[in-house]
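Topology and contacts: notes
In case you want the letters, here they are:
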Amino acid sequence: MFCYQCEQTAHGTGCVDRGTCGKTAEVAALQDVLLRRAMGLSVCALALARAGHPLVALDAFVENALFTTVTNVNFDADSLESLIGEANRLLAESRDAVGRAGLRNALFGPALAEGSTDRQALLVEAAEIGIDARRQNAGVDVVGLQELLTYGIKGMAAYAHHARILGRHSAQVNSFIHEALEALAKPVVAMDQLLALNLRCGEASLAVLALLDEANTGAMGNPEPTSVLMGHKPGKAILVSGHDLRDLASLLEQTAGRGINVYTHGEMLPAHGYPELKKHSHLVGHFGGAWQDQQRDFAAFPGAILMTTNCLMPPREAYSGRLFTSGVVASPDILHAPDHKFDAVIAAALAAPGFQEASPDRRHTVGFGHHAVTSVAGDVVAAVKSGALKHFLLIGGCDAATAGRSYYSDLAAAAPKDWAVLTLGCGKFRVIDRVEGNIGGLPRLLDMGQCNDAYSAIKVAGALAEAFGVGLNELPLSLVLSWYEQKAVTVLLALLHLGVRNIRIGPKLPAFVTPAILKVLVDNFNVMAIGTVEGDLAAMGAAA
Ligand code: SF4
Ligand code: SF3
């Protein structure tokens, strides 16, 4: 195996025997084959679409296949093998449809794969198409750009999946995913073409973020500032982690009146701000920290646990019998709750002891999405004009256990008192409790939501730029991103598409960004690695 798609890749270069995430070489290989099948499906879908016969039935499958290969989503070789079997079936059907349309000549590479499901044959195929083999043929820079695009569309697919289960999809988004996969199916594509595709991926990423924002707010209402209990109450309990608001909504409906309190974990914290979720009085609080704390948090939680999306870690025995997955998440020996039906989760919660006592009443306020912030835009603009609010500092993205992430906590704590700190993603757990006080009637710390809500930050920045009559890069705004998995790549590409410059990224730069790719990012966008807290704050303040 060779995988360098996330920040905790081994030695900062690539996981080769087993993933730092716990992914086995076999699972990594099956994920590579599944991605390859998705490329084949996209080649077929585009051949038909270009001839005026769109095959939209493939869109949802391709989204799910890509989402399945995102870091910390699926560790289960059997479920991957059955997805490959389904892909083989769809590919055969699609090839037939292409043949019937007289377009067989448009097919190439993975679209022509016969598609075995024999495990050994799949492992051999994986070695032939993996990053190692491709780097020998095409070189590290081409493969680096191919992987940048791959991770961009993996994140897009995750966002598109979330929107789709809430009833929204976009032809623009799906057609770009197919186009990118078609380009990735070619053995070598020129560097400049790949660069252009990555920038177009930013445009499509912005579209999918907007789509998901519409889907979330359409189904759940606009988030409202809401004080959340960061602890627990006595009683039976279910903990819900991941990003899937639809699963949480279904679980809340199915647990109504059952004497079970529901808690959020990790990226589910912002759920408390949505009117359609907070209306359930048994959604009582948030338990634990970011995803990398789950082995400690889940072991300490005296109830059932539902993991709706990434980031899943290989489970510990202490809680493996109480842990359930849903959606595209899977791990061997963990029960899966299918089709938003949570009877088994509820039964496990009722069988567990639950909390005996109440925790101290620690609080955190969520719900500062674009609707809440832009509705007080007049106050914000007045605070800036009066000099009470000097700078906006966005500290957001993914958290993880890797070294160097205390930078984000220290940066938040050291930010001047006349700076507002915006945060989103599970990176927020590094800044919660580090930023105190109010400016102009608003808290200095504005929690804008999940990584899935990056569109809120983009909308707020756009509204401020309009109010001040300046471009995004002229705003007193600094972006300091923490990255871990592929959705962060998607958000970065969306920001670059908007022409945002001077973004700081840490705790270290991605392994797939070669010196040649970095030079392009620096020359065009002045993307930079995080430095020291003092140095970065001084530079950001001076640039304001
Ligand atoms: Fe390694 Fe990350 Fe790939 Fe897991 S997802 S195998 S940790 S690079
Ligand atoms: Fe976190 Fe996985 Fe990315 Fe949603 S839960 S931000 S890492």
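Keep in mind that what you see is a predicted model, and the values were worked out from it rather than measured. (Residues numbered from 1 in each chain as written. Chains lettered and ligands numbered in written order. Predicted model: local features only at pLDDT ≥ 70, side-chain atom pairs only at ≥ 80, totals over all residues. Heavy atoms only, no water.)

Taken as a whole, this structure holds twelve aromatic pairs when the rule is applied. Ring plane angle 75 degrees and centroid distance 5.2 Å describe the contact between phenylalanine 2 and tyrosine 4, whose orientation is recorded as edge-to-face. The exposure classification of phenylalanine 2 matches that of tyrosine 4, with both residues buried. For the ring pair tyrosine 263 and phenylalanine 301, a centre distance of 5.8 Å and an interplane angle of 75 degrees mean the geometry is edge-to-face. Of this pair, tyrosine 263 sits in strand β3 (residues 260–264) while phenylalanine 301 is found in the loop between α11 (294–300) and β5 (304–307), placing the two residues 38 residues apart along the sequence. By relative accessible area, which is 1% here, phenylalanine 301 ends up buried. By the ring-pair criterion, three or more aromatic residues cluster together here, those being Phe2, Tyr4, Tyr151, Trp483 and Phe512. In this arrangement the basic side chain of arginine 135 is found over the ring face of phenylalanine 2, its NZ or CZ atom lying 4.5 Å from the centre. (Phe/Tyr/Trp six-rings, centres within 6.5 Å; stacked < 30°, edge-to-face > 60°. Buried < 20%, exposed > 50% of the residue type's maximum accessible area, 1.4 Å probe, protein only. Helix = DSSP H or I, 4+ residues; strand = E, 2+ residues; numbered from the N terminus. Lys NZ or Arg CZ within 6 Å of the ring centre and 35° of its normal.)

Scanning all chains against the criterion turns up 25 salt bridges. In this structure, the salt-bridge partner of glutamate 93 is arginine 89, at a minimum N-O distance of 2.5 Å. Pair noted here: glutamate 93 and arginine 89 are both in helix α3 (residues 77–100), with a separation of four residues, about one helical turn. (Salt bridge = Lys/Arg side-chain N within 4 Å of Asp/Glu carboxyl O.)

UniProt records the feature "modified residue: Cysteine persulfide" (unreviewed entry) for Cys398 in the present numbering. Looking at the element boundaries, cysteine 398 is found in the loop between β9 (391–397) and α16 (406–414). Beyond its immediate stretch of four places on either side in the chain, cysteine 398 contacts Arg405, Cys426, Gly427, Ser482, Trp483, Tyr484, Glu485 and Ala488. (UniProt positions renumbered as here; feature names shortened; annotations may be inferred. Contact = heavy atoms within 4.5 Å.)

This part takes up the layout of surface pockets. The space that makes up the largest pocket amounts to roughly 640 Å³. For the lining of the largest pocket, the secondary-structure elements that each account for two or more residues are β9, β10 (419–424), α17 (454–468), β14 (477–482), α18 (486–497) and α20 (533–543). Of the residues forming the lining of the largest pocket, the biggest block, seven residues, is contributed by α17. Of the residues that constitute the lining of the largest pocket, the class distribution is 29 nonpolar, eight polar and four charged. Met39, Ile129, Gly130, Arg134 and Glu147 are, among the 28 residues lining the second largest pocket, the residues nearest its centre. By residue number, the principal contributor to the lining of the second largest pocket is helix α1 (residues 25–50), which donates six residues. The residue inventory of the lining of the second largest pocket, partitioned by class, reads 13 nonpolar, seven polar and eight charged. (1 Å grid on protein atoms, 1.4 Å probe; cavity = no way out; pocket = protein on both sides within 12 Å on 5 of 7 lines; lining within 4 Å. Points joined across faces, edges and corners; volume = space filled by probe spheres on them. Nonpolar A, V, L, I, M, F, W, Y, C, P; charged D, E, K, R; others polar.)

Glancing now at the sheet that holds β9. Reading across from one edge, β13-β10-β9-β14-β15-β16 is the order of the six strands in this open sheet, with parallel pairing throughout. In the strand order of this sheet, the two ends are held by β13 (445–447) and β16 (528–529), each with one partner. Inspection of the sheet shows β9 paired to β14 by six bridges, in the parallel sense. Within the sheet, the bridge partner assigned to glycine 396 lies in β14 and is leucine 481. (Pairing = 2+ DSSP bridges.)

Among the 13 residues in the neighbourhood of ligand 1, the closest are listed as Cys3, Cys6, Cys15, Cys21 and Thr71. Of the residues belonging to the shell around ligand 1, the class tally is six nonpolar, six polar and one charged. (Near = heavy atom within 4 Å.)

Our next topic: α1. Between its first and last C-alpha, α1 extends 38 Å over 26 residues, near the 38 Å set by a 1.5 Å rise per residue. Of all 26 residues in α1, 21 are buried, a share of seventy percent or more. Downstream of α1 by one or two residues, glycine 52 has phi in the positive range, about 85 degrees. (Expected span 1.5 Å × (residues − 1).)

Turning our attention to the site of ligand 2. The environment of ligand 2 is formed by His243, Glu267, Trp291, Asn310, Cys311, Cys398, Cys426, Cys451, Tyr484 and Glu485. When grouped by side-chain class, the residues that make up the shell around ligand 2 number six nonpolar, two polar and two charged. When residues of the shell around ligand 2 are sorted by domain, at least three fall in each of domain 2 (226–351) and domain 3 (370–540). (Domains from an automatic or database assignment.)

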